[in-house]
Amino acid sequence: ENMPEGSVVLTVQATDEDAGVNGDISYQLSQAVGQNDPAFVVDPITGEIKLTKPLDFEETETHELSVRARDGGGLSTICKVLVEVVDVNDNAPELAVSSFSSPLPENTVPGTVVALFSVRDRDSGANGKISCALQDQLFFSLRPAYKNYYELVTVSALDREETAQYILTVTAADAGSPPLTTTQTFTVDISDVNDNAPVFNQTSYTMYVRENNGPTVFVGAVSAADADVGLNAKVTYSLAAAQAAERPSCSCISVNSENGHVFVLRPLDYEQLRQTEVTVSASDAGSPPLRANVTVRLVVVDENDNAPLVLYPGQESSPASSELVPVSAEAGYLVTKVVAVDADSGQNSWLSYHLLRATEPGLFTVGVQSGEVRLRRPVTERDSVKQKLVVLVRDNGKPPLSATAALSALLLKDFSDVRLPHSSQAAEDEGGSLTTYLIISLVFVSLLFLISTAAFVARKVCKRKELKAGHVLYGADNLPSSLADAAAAGTLPRAYCYEISLTTGSGNSEFRFLKPILPSLPPQQCSVGQG
C-alpha cells in the first residue's frame, strides 16, 4: 500500500493470430457497472497497469480489474486482474478517553479509577497489535479493563503537600517495524483534605517583661503554619484551658487570635510572680478542625523597686539596744553586724554598707560588703561613753535605693557597769509610765466630778419646776367654806396661811407655816390644814 504513484503493478499481454491491422491489439480497463476505481490505469499499447494514486489497505484490501484487449478488426477478449494490497505499518495507534476524574482528593484510596480509555490501530496483523505503557508507575498504574480498554488507577496513597499535581503520560505502541506510537497526557490535580495540623515554628517560647509594666504591653508573638491550603490552612490562636491537674493559668496574658501577638494585660510584680507559663493553641478552619499547642513561658524581669530592709539591729524596738564595747578593745574589734536584705534580685539586691553618721566618726568603720561594725582605732578617754551610729545600706540598682540603721554602743571599763545605764533607763521608763497613769486618773476623776455636779444641778432645777407646778396658797379670801365656818365658830384659835405642796403619786402632805393673815379671829380658833 505504500507503492508510489505511477508504479507498474503488472503487465497484461494478449496475442492475435491475424496479421496486419487485424492483428494490432489495444488494451483498456473495463469498469463494472457502478464501479469507478481510478486508482489504476492500463497502457493501451504495452498493457502495463500502473497506479494513479497511493493505495490504502485500511480502505480496500483487494482490487478487481477487468482488462479488455481489442484488435483492429473489432474482436476483443477480457482478462480479470485481482490486485491484493499488502498492509504496511502506516497507521499509529489511536487512543480515545472515555472518562477522566480531576481533581482527585488526596485521601483517595489505592485502586481508585482515574481515567478509562480505549486504543485501536487500523493496521492489521502485527502492525495492529497495541501495547500501552505508563511512564510513572509510583502512584498510578495501567490495567486492562475489557478488550482494548484500559484503566488508569491509583496504587498508593496521595499527599497534596508533597505533590499537588501529577502529569501522567500514557504511550500506546504497535508491533510494526518500525513501531508507531501515540502518547496521551493526563494532568491529575490533587485537591486538599484537612489532614495537617498547624505546626509552630518553635517547640516552646520564652518571653520577657519588666515588672511594673504598663497595661496591655506587647511581649512577643507565636507563629504557626499549616501545610494545607484554603480554609484548611487558616490558623487562629487562643489560650488553651489549663488541665484539672495543672495550676490555673495566669489571667494577665492575652493572645491575638489573628496574628498570635502576646500581650500582658496588667502590671506585674517580680516579688509576687517571677514567671508563669500558659499554653497557646493554634487551630485551623478545616472540618473537623485540627489544632496544636505550644508552651509560652513569661519571665518577669526585676526592677529596683524595693529598698533594703534592715533585719538587725531592729529599728522598731523601743528602747533600742546598745552594744557593749570594752575600753580596752583594740582596733578591729567587732562591735556588731548590720544585717539587711533586699527583695529584689540580681544586682538590684547587692547591698553595700556605709557609715553615714557617728558620734566619733574616726572611732568606727563599717565593712562595705559584710556590714560588720568594727573599731577603727583603740578607745581613748576622750571618747564619749555612749556612741551613736547611723549605717547607710544601699543596693546596686539604677537608681540605687537605700535604708538606714541606727545603733548605739556603750564604752565600758567593766561589763558590770552595764546595770547602771539599764537600771536608770528602766527607772526613767517606770517614772514615765507612772506619770502617764496619774494623768489618766486625774482626768477621769475630774470628768466624774463634772458629771456628778451637772446631775445634781439638773435634779434641783427639775424639782423647782415641779414645786411651781403644784403650789396652792390658802388665804382669807380663798379659804374653803368649811374652814371659814370653823373659824367663825371659834374652833380655830388663829388664822394661818398654809402652803400645800402635793407631789404626784404621793400619799403624804407637807405643810409649811407662814405668817398669820387672820389676826381678828378669836384665840380659841385654830388653823386646820388638810392635805
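Residues numbered from 1 in each chain as written. Predicted model: local features only at pLDDT ≥ 70, side-chain atom pairs only at ≥ 80, totals over all residues. Heavy atoms only, no water.

For the rest of this paragraph, the subject is unusual backbone geometry. Omega for the bond connecting S177 with P178 falls within 30 degrees of zero, at -5°, which places this linkage in the cis form. Mapped onto the secondary structure, P178 falls in the loop between β13 (165–174) and β14 (181–191). A cis amide bond links K398 to the next residue, P399, at an omega of -5°. Within the element layout of this structure, P399 appears in the loop between β31 (386–395) and β32 (402–412). Despite not being glycine, K147 has its phi angle at roughly 50°, a positive value. Mapped onto the secondary structure, K147 falls in the loop between β11 (140–144) and β12 (149–154). K147 sits in the exposed class, given a relative accessible area of 69%. One non-glycine residue, N212, lies in positive phi territory at about 60°. Assignment of secondary structure puts N212 in the loop between β16 (204–210) and β17 (217–221). (Helix = DSSP H or I, 4+ residues; strand = E, 2+ residues; numbered from the N terminus. Buried < 20%, exposed > 50% of the residue type's maximum accessible area, 1.4 Å probe, protein only.)

Glancing now at the pairing of strand β23 (residues 291–301). Two faces make up the sheet, and in a regular strand the side chains alternate between them. Bridge analysis of β16 against β23 gives seven bridges, and the strand direction is parallel. Looking at β23, one finds that S204 is bridged to T295. Inspection of the sheet shows strand β22 (residues 275–284) paired to β23 by nine bridges, in the antiparallel sense. Note on β23: the bridge partner recorded for T276 is L298. Adjacent in sequence and paired antiparallel, β22 and β23 are bridged by six residues. (Pairing = 2+ DSSP bridges.)

Further remarks concern the sheet that holds strand β10 (residues 130–134). Pairing within the open sheet is mixed, and its four strands lie in the order β8-β14-β13-β10. Two strands in the sheet have a free side with no partner beyond their single neighbour: β8 (104–105) and β10. Here two bridges tie β8 to β14, and the two strands are oriented parallel to one another. Paired with L104 across the strands is I190, a residue of β14.

The next point concerns the pattern of salt bridges. Taken as a whole, this structure holds eight salt bridges when the rule is applied. One salt bridge connects E48 with K50, and the closest N-O pair in it is separated by 3.8 Å. Its relative accessible area of 25% is what places E48 among the partly exposed residues. Overall, the relative accessible area of 28% leaves K50 in the partly exposed class. In this structure, E151 engages R143 in a salt bridge whose closest nitrogen and oxygen atoms are separated by 2.7 Å. (Salt bridge = Lys/Arg side-chain N within 4 Å of Asp/Glu carboxyl O.)

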